[in-house]
Amino acid sequence: KTSSVPPPPSAPRSHRYTKECSRLLSLPSIPDSMAAWMLREEESTSYYWEKLLKNHYYMWNEEGTRLYKGELFEPEKCYARNVSLLEVLRGEYPYPLDITSFAIICEKTCNEDLLAFLLLMQRFKECPPKSKQLFCSVLERILDKYVRPGAVEEINIDRKARLNSIKNFEDGKKNDTILGTELDPAISAAYKATKTGIFSMFIQKSTYRDFTDSRSSMCWCRKTSGKTAMLPGVFFSLPTLNDIRITRLNKLIVLVGLWAGLLEIRTSSSSSSSSSSISRPSVSSIWLFILYGLIARAICGHRLDIQSWIVMAFTLPCERYYPPTMFIKDSFARIRNLVYASLFLVAIVAASQEELRECYIPEIIISVLSSISIMHLGDTNEWLYNGIVCRVKSCRLSLQYEKVK
């Protein structure tokens with residue numbers, strides 16, 4: 001016999017839906033491990049910015065101490081041109097144009113507040129805090145420390161840029177629309193003040209400005225360091241920097257000329273031996289042209305070298321669309337050309353003697369000269385890339401610097 005007790009009434013549908021939604025809403029949206037990781041990341045980011053805001057020396061010194069101790073500081077000079085302040089701040093240049101050398105000059109001249117503000121804003125824009133609260137807090141502390149009148153480390157910028165930055169930040173804070181661009185007027189003014197002030201003095205102390213390249217040295221009447229090139233001391237000087245395209249084209253012409261002249265001598269000697277008349281083969285005119293170019297470049301650079309004039313005439317139209325960005329400073333150009341010309345003269349004399357020619361002495365010397373020419377393109381000279389001389393210590397050259405704007 002079945003029971004007549006009715007089953008308990010089911011809960012209304014609306015009540016079940018509400019209970020289920022409340023259970024779903026009570027679930028955490030982020031796992032506990034992820035939330036803990038985000039909390040740790042935010043704490044580390046906050047500590048990072050707190051350290052930089054309290055001690056700006058950490059931005060260019062890992063120990064957080066002052067680099068300039070009061071001693072005499074004269075940086076080693078290098079050959080450079082078109083040096084960019086932005087690339088110096090990014091650390092794109094080697095010593096003596098690195099950020100550490102520039103920071104020492106700024107500390108020495110009491111301009112470290114400008115450098116600290118620029119580096120701080122650069123890091124803020126490149127790696128901004130992810131938390132909105134920390135984002136606004138860091139930007140406000142930078143404003144209070146460097147931009148506001150009477151700040152602890154107030155930077156020396158014009159009044160209009162200062163007031164515009166303060167107004168932009170106050171408006172953004174009031175409307176809750178902080179974007180990170182509120183201090184752009186102060187950044188532009190600080191960059192301009194640094195570039196026209198301490199940076200120009202830093203470039204004068206760290207670089208040689210009065211240098212000439214291979215093209216300008218060929219103009220005899222062009223002034224070099226206050227003297228005209230017609231003077232003997234300037235005329236017999238070698239160009240400081242050479243466009244690597246001109247250097248490689250000259251080496252290529254020499255390589256081709258060496259073997260073309262050897263082929264000419266061998267062809268003339270075989271034709272003379274087959275003929276009935278006995279005649280000594282004349283020295284190759286190509287070799288004489290190359291020998292003249294080597295001696296001329298050893299005496300006065302490219303000024304009297306016909307080969308260099310031809311190369312520069314062909315490469316001149318390319319400078320408009322492909323300006324030179326890579327140079328080479330050959331410290332031993334005169335000695336190398338003289339040694340090269342001496343060995344080449346021995347090869348010419350050996351080619352004119354039948355006994356030495358039959359022993360393949362010219363071929364041996366030409367092979368040695370060709371090896372020297374190939375090795376010269378990758379030897380341990382001082383290379384200049386985009387305006388900076390890079391000193392390399394190995395035969396393999398690695399250029400890691402971006403193009404200077």
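Look up a bit, the structure's there.
Predicted model, so just to flag it, every value in this text is computed and none were measured.

(A) Up close: the nonpolar core. Judged by nonpolar contacts, the single largest core of 51 residues is most densely connected at Phe102, Leu115, Phe117 and Ile142. Mapped onto this core, the elements with two or more residues apiece are helix H2 (32-54), helix H3 (85-89), helix H4 (99-108), helix H5 (112-126), helix H6 (132-147), helix H7 (159-174), helix H8 (184-196) and helix H9 (198-206). Look past the residues within four positions of isoleucine 142 in its chain and what remains in contact with it is Leu53, Phe117, Leu120, Met121, Val147 and Leu183.

(B) Broad picture of a nonpolar patch on the surface. Among the surface-exposed residues, Phe332, Ile335, Val339, Leu343, Ile364, Val368 and Ile372 lie close enough to one another that they form a single nonpolar patch of about 610 Å² accessible area. Secondary-structure elements contributing two or more residues to the nonpolar patch are helix H16 (333-352) and helix H18 (361-376). By secondary structure assignment, the location of valine 368 is in helix H18.

(C) Region of interest: the packing of H4 against H9. Two elements in contact, H4 and H9, have axes separated by 10 Å at closest approach and are oriented at 120°. The angle between H4 and H9 falls in the class oblique. Here H4 runs over H9; the crossing is right-handed. Contacts between H4 and H9 pair Ser101, Phe102, Ile105 and Cys106 from the former with Ile198, Phe199, Met201, Phe202 and Lys205 from the latter. For the contact of H4 with H9, a count of residues per class yields seven nonpolar, one polar and one charged.

(D) Here's a closer look at the pattern of salt bridges. As enumerated under the stated definition, the model contains 13 salt bridges in all. Notably, a salt bridge pairs glutamate 140 with lysine 173, separated by 2.9 Å at the nearest N-O pair. In this pair, glutamate 140 sits in helix H6 while lysine 173 sits in helix H7, placing the two residues 33 residues apart along the sequence. The salt bridge partner of arginine 148 is aspartate 144, with a shortest N-O separation of 2.4 Å. Take arginine 148: its relative accessible area is 22%, and that puts it in the partly exposed class. For aspartate 144, a relative accessible area of 34% puts it in the partly exposed group. Through salt bridges with shared partners, one network takes in Glu50, Lys54 and Arg141.

Definitions and cut-offs
Residues numbered from 1 in each chain as written. Predicted model: local features only at pLDDT ≥ 70, side-chain atom pairs only at ≥ 80, totals over all residues. Heavy atoms only, no water. Core = buried A, V, L, I, M, F, W, Y, C linked by side-chain atoms within 4.5 Å. Buried < 20%, exposed > 50% of the residue type's maximum accessible area, 1.4 Å probe, protein only. Helix = DSSP H or I, 4+ residues; strand = E, 2+ residues; numbered from the N terminus. Contact = heavy atoms within 4.5 Å. Patch = residues over 30% accessible without salt bridge, like charges linked within 9 Å, V, L, I, M, F, W, Y side chains within 5 Å. Areas by Shrake-Rupley, 256 points an atom, 1.4 Å probe, with all protein chains shown as cover. Salt bridge = Lys/Arg side-chain N within 4 Å of Asp/Glu carboxyl O. Axes fitted to C-alpha atoms, helices over the stretch in contact; angles between N-to-C directions. Parallel < 35°, antiparallel > 145°, perpendicular 65-115°, else oblique. Left-handed = near helix turned anticlockwise from the far one by under 90°. Nonpolar A, V, L, I, M, F, W, Y, C, P; charged D, E, K, R; others polar.

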